[in-house]
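In case you want the letters, here they are:
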Amino acid sequence: MEPRELYSLPVLICGLAAIVFAFWLARDVLSRDSGTPAMQDIANRIYIGAVAFLRRQYSTIAMLAIVVAIIIGLVVGYFETEFRMTRGVITSIAFLFGALLSGISGYTGMYVAVRSNIRTASAARRSLGEALTVALRGGAVSGFLVVALGLLGVLIMYWGVYPRVQGALPPEAETPFWIVGFAFGASFVALFAQLGGGIYTKAADVGADLVGKVEAGIPEDDPRNPAVIADLVGDNVGDCAGRGADIFESSVAEMIGAMILGATLFTAALGAQNPQAIAYVFFPLVLGSLGLIASMVGVLSVRPEATPADPMTELNKGFYVTAALGVVGLAIASWWMLPFGRLEYFLCGIVGILTSFAFVWVTQYYTSGRYRPVQEIMEASRTGPATNIISGISVGFETTGAAAIVIAIALLSSYFIGDQVQGLFPFDTGFVRSSGIYGTAVATMGMLMSAAYILAMDTFGPVTDNAGGIVEMSNQPESVRDTTDALDSAGNTTKALTKGYAIGTAALAAFLLFSAYLQEVARFGGEAIQAQVVDLANPRVFVGGLVGAALVFVFASLAMRAVGRAAGAMIEEVRRQFRNDPGIMAGTSTPDYTSCVDIAVRASLREMIAPGVLAVAVPIVVGILLRWEGAAGMLMIGTIAGILVANVLNNGGGAWDNAKKMIEAGLLKDANGVVLGKGSDAHAASVVGDTVGDPWKDTAGPSIHVLIKLMATITLVMASLFI
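Residues numbered from 1 in each chain as written. Predicted model: local features only at pLDDT ≥ 70, side-chain atom pairs only at ≥ 80, totals over all residues. Heavy atoms only, no water.

1. A look at the overall build of the chain
Phase 1: Counting secondary structure elements, the chain contains 22 helices and 0 strands.
Phase 2: Taken against the 2.2 N^0.38 rule, which gives 27 Å for 723 residues, the C-alpha radius of gyration of the chain at 25 Å falls within 12% of a compact globule.
Phase 3: Principal-axis analysis of the C-alpha atoms gives the chain an extent of 80 × 50 × 45 Å.
Phase 4: Looking at the chain as a whole, 66% of its 723 residues are labelled buried.
Phase 5: A total accessible area of about 23200 Å² is found for the chain, and carbon and sulfur atoms account for 65% of it.
Phase 6: Averaging the positions of the 44 positive and the 55 negative side-chain charges in the chain gives two centres separated by 3 Å. (Helix = DSSP H or I, 4+ residues; strand = E, 2+ residues; numbered from the N terminus. Rg over C-alpha atoms; globule rule 2.2 N^0.38 Å. Buried < 20%, exposed > 50% of the residue type's maximum accessible area, 1.4 Å probe, protein only. Areas by Shrake-Rupley, 256 points an atom, 1.4 Å probe, with all protein chains shown as cover. Lys, Arg positive; Asp, Glu negative; His and termini not counted. Charge placed at Lys NZ, Arg CZ, Asp CG, Glu CD.)

Below, the structure is given as structure tokens:
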């Protein structure tokens, strides 16, 4: 068996095993009790709305993807210096395949999650432990399918393209450069899925909160609120399908970027003369496959008692198990595969795992009610919405300091450790000291080894949120609502933590993709370009960086403005129904839920186009006008700005959300010890803050994760056009 076949075997076996495991989890969840007829009625309304929206959304995305695939095929075919027709066709096919798998992973995960909410609600009638198990396993289906499809997709592309590859390098090392279109397709779908889902969910959420909670004074998820079904549908299309597509494109882009860097080390390790040299190309894939096994054990290790003291403790236990087994997998892969730098690259992977812990801790500090930032926002709510907003924005800005420090330590340490391998290779590793850059790539893959479990925790959030809504709307006993509230509280924390994790992976991935871009430019540009560095004193580089930073802010503005417009239409509709049918508030009439769902659907599909087109068009225009140096500046500065802005939006929004929930839990009191809970002025102020934070943390912030990597994959695909 050839080395590339040997190294492909664990990827194939683990990927297929993960898919089988996902179906086993789905069967386990879907075989459980589905509750009372009233609960089933609410769950079916959510299911119908979610599936209808995704069908319309993916139909729109599919048409856009076909047009873009044709365009990039023509561009690559025209501007390539060699093998034009072959590379153009392969890039188009890879783009469409990446888009297809991204759509499948998001849709399938959402389908199981939306069927899990009713099972979680039903299990909550029996015990907290059973409900927690159902919600986690329902969310894990998405996690394992997304990561497995990403791994298998890259492997299929590699073996499908390998026989057709031509170039300076041997085919086994040349192939990663030819399949970058697969990552671009995944990023393209992820951007529109995250944007559309985020606009939908926040338009419904803001409309339901402002009119229902503040104006009408009714509880969250009250069946009298016409926007409540749209709100519950939005949790699934935004947090399940959108986040699934996000993690899919993250893993795919980072694996292909790492394989491109590995191709340089393949040459430095004597290339075809050393059969083991191809290990550097396949090492990222093997790490991802072993991470799937670790995540499987992590999910199965979560076996709570009937009444666990804290659901988060149980979920964290699974994460710790996954991380510990990830270390074991790193050691096995490093000593089995690598001819040079086994210890060094093992340590780089450890840096990545520790970085994931650091980002989880930083995010938890800024978004959990146990710590100062959220408590400050809660206290600021005493004096009204203005002070609440000021406090929330200040917390969001503050988060950038800790995030920058964590990213700096991770990049510098992994680069320094990897760079120690430089002298061990028989040949030079290239003008960008690829052994050090490869260390940052291994650190990124170390973070991603827990991606399946992290996505399970993320999807756990909307599943438990929906379960709480079903319990509320079907008038279940207060004890059942207490159980779902405990799960929902944990779910809010997990959603915030996974956003921090996503930012961390995006930061490390953007650096390695930037390095891969320089490698691609050097291949097309020849020795004259290889001898240069990206100089910020060059006006092209400076202007490209300026445009890249501005793109982040304008993109975020368009995303939040879209939510504002859609939410305005939702608010007017809810007010109209309350005004025209007094029986709704009296409980004698049923609201028109469908009209609110239609408003959210139409608005999200319409509003996602402008920011999506901007994100795709600007990197191409910059590269054409300012050439490869300008595109490099755009990538560098745009990535830095994107990471910082995403931190502000995600953590600031999460802090606002949990400050509101702390007040609703009765944790804010006046000077006389009287609880300032639901219905108080402080609560109304916190709801206003939360509605500002909603599009921050669930629309603009997560979409910027995708924007960062989309810029990198576009420039990788179009590198020949920019020379």
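2. Brief notes about the packing of aromatic side chains
Phase 1: For the structure on display, the rule yields 22 aromatic pairs.
Phase 2: A ring pair is formed by Trp 656 and Trp 696, whose centres lie 5.1 Å apart and whose planes are at 70°; its orientation type is edge-to-face. With a gap of 40 residues between them, Trp 656 in helix α20 (residues 609-664) and Trp 696 in helix α21 (residues 681-717) connect regions that are remote in the sequence.
Phase 3: Residue Trp 656 is classed as buried on the basis of its relative accessible area, which comes to 1%.
Phase 4: Following the ring pairs from residue to residue traces out a cluster consisting of Tyr 158, Trp 159, Tyr 162 and Phe 282. (Phe/Tyr/Trp six-rings, centres within 6.5 Å; stacked < 30°, edge-to-face > 60°.)

3. Here we look at empty space enclosed by the protein
Phase 1: Overall, the coordinates contain 7 cavities of 30 Å³ or more when judged by the stated rule.
Phase 2: Each pocket or cavity is described by its volume, and for the second largest cavity that value is around 120 Å³.
Phase 3: Taken together, 13 residues make up the lining of the second largest cavity; nearest its centre are Asn 492, Ala 496, Lys 499, Gly 654 and Lys 697.
Phase 4: At the level of secondary structure, the elements contributing two or more residues to the lining of the second largest cavity comprise α10 (342-367), α15 (478-525), α20 and α21.
Phase 5: Broken down by element, the residue count for the lining of the second largest cavity peaks at 5 residues, all from α20. (1 Å grid on protein atoms, 1.4 Å probe; cavity = no way out; pocket = protein on both sides within 12 Å on 5 of 7 lines; lining within 4 Å. Points joined across faces, edges and corners; volume = space filled by probe spheres on them.)

4. Thoughts on the packing of helix α9 (residues 311-337) against helix α14 (residues 451-473)
Phase 1: For the pair α9 and α14, interaxial distance at closest approach is 10 Å and the crossing angle is 165°. Judged by the inter-axis angle, α9 sits roughly antiparallel to α14. Where α9 crosses over α14, the handedness of that crossing is left-handed. Together, Glu 314, Leu 315, Asn 316, Gly 318, Phe 319 and Thr 322 of α9 and Tyr 453, Ile 454, Met 457 and Phe 460 of α14 make up the contact between the two elements. (Axes fitted to C-alpha atoms, helices over the stretch in contact; angles between N-to-C directions. Parallel < 35°, antiparallel > 145°, perpendicular 65-115°, else oblique. Left-handed = near helix turned anticlockwise from the far one by under 90°. Contact = heavy atoms within 4.5 Å.)

5. Considering the nonpolar core
Phase 1: Within the largest apolar cluster, 254 residues are counted, with the highest numbers of intra-cluster contacts made by Phe 144 and Tyr 517.
Phase 2: No other element matches the 23 residues that helix α7 (residues 228-268) contributes to this core.
Phase 3: In contact with Tyr 517, other than residues within four places in its own chain, are Trp 628, Ala 631, Ala 632, Leu 635, Thr 715, Leu 716, Ala 719 and Phe 722. (Core = buried A, V, L, I, M, F, W, Y, C linked by side-chain atoms within 4.5 Å.)

6. Some points on the side chain of Gln 364
Phase 1: Within the secondary structure, Gln 364 sits in helix α10.
Phase 2: Filtering out sequence-adjacent residues up to four positions away, Gln 364 remains in contact with Arg 370, Tyr 371 and Leu 497.

7. Considering helix α8 (residues 279-300)
Phase 1: In this model α8 runs 31 Å from its N-terminal to its C-terminal C-alpha over 22 residues, within 8% of the 32 Å that 1.5 Å per residue would give.
Phase 2: Summarising burial for α8: 18 of the 22 residues are buried, a large majority. (Expected span 1.5 Å × (residues − 1).)

8. Some thoughts on the confidence of the model for the chain
Phase 1: Averaged over all residues, the pLDDT of the chain equals 83, while 96% of them reach at least 70.
Phase 2: When pLDDT is averaged over each element of the chain, α8 comes out on top at 92 and helix α16 (residues 527-530) at the bottom at 51. (pLDDT = per-residue confidence, 0-100.)

9. Focus on the packing of α10 against helix α11 (residues 372-380)
A pair of packed helices can be characterised by two numbers: the angle between their axes and the separation between those axes.
Phase 1: It is the contact of α10 with α11, at a shortest axis distance of 5 Å, that shows an interaxial angle of 20°. When the axes of α10 and α11 are compared, the pair comes out roughly parallel. For the pair α10 and α11, the contacting residues are Tyr 365, Tyr 366 and Thr 367 in the first and Arg 372, Pro 373 and Val 374 in the second.
Phase 2: Class assignment for the residues of the contact of α10 with α11 results in 4 nonpolar, 1 polar and 1 charged. (Nonpolar A, V, L, I, M, F, W, Y, C, P; charged D, E, K, R; others polar.)

10. Thoughts on the pattern of salt bridges
Phase 1: Inspection of every chain in the model, using the stated rule, returns 22 salt bridges.
Phase 2: Salt bridges linked by common partners bring Asp 28, Arg 32, Asp 33, Arg 125, Arg 126, Glu 130 and Arg 137 together as one network. (Salt bridge = Lys/Arg side-chain N within 4 Å of Asp/Glu carboxyl O.)

11. Some thoughts on the side chain of Ser 414
Phase 1: With respect to the helices and strands, Ser 414 occurs in helix α12 (residues 385-419).
Phase 2: We classify Ser 414 as buried; its relative accessible area is 1%.
Phase 3: Separated by 3.3 Å, the side chain of Ser 414 and the backbone oxygen of Leu 411 make a polar contact.
Phase 4: What Ser 414 contacts, discounting residues up to four positions off in sequence, is Cys 348, Val 351, Gly 436, Gly 439, Thr 440 and Ala 443. (Polar contact = N/O pair within 3.5 Å; in protein donor to acceptor, adjacent residues only side chain to side chain.)

12. Some remarks on unusual backbone geometry
Phase 1: Phi is positive for Arg 627, close to 65°, though the residue is something other than glycine.
Phase 2: Following the sequence through the fold, Arg 627 ends up in helix α20.
Phase 3: Of the residues examined, Arg 627 reaches a relative accessible area of 24% and is grouped as partly exposed.

13. Side note on the environment of Ala 403
Phase 1: With respect to the secondary-structure elements, Ala 403 resides in helix α12.
Phase 2: With residues near it in sequence (within four places) discarded, Ala 403 still touches Phe 359 and Asn 647.

14. What to know about a nonpolar patch on the surface
Phase 1: A surface patch of nonpolar side chains, amounting to about 1000 Å² of accessible area, comprises Met 1, Leu 6, Leu 9, Leu 12, Ile 13, Leu 16, Ile 293, Val 297, Leu 325, Val 328, Ile 332 and Trp 336.
Phase 2: For the nonpolar patch, the secondary-structure elements that each account for two or more residues are α1 (3-30), α8 and α9.
Phase 3: Broken down by element, the nonpolar patch gets its largest block of residues, 5 residues, from α1.
Phase 4: Mapping Leu 9 onto the fold places it in helix α1.
Phase 5: Judged by relative accessible area, Leu 9 falls into the partly exposed class, the value being 36%. (Patch = residues over 30% accessible without salt bridge, like charges linked within 9 Å, V, L, I, M, F, W, Y side chains within 5 Å.)

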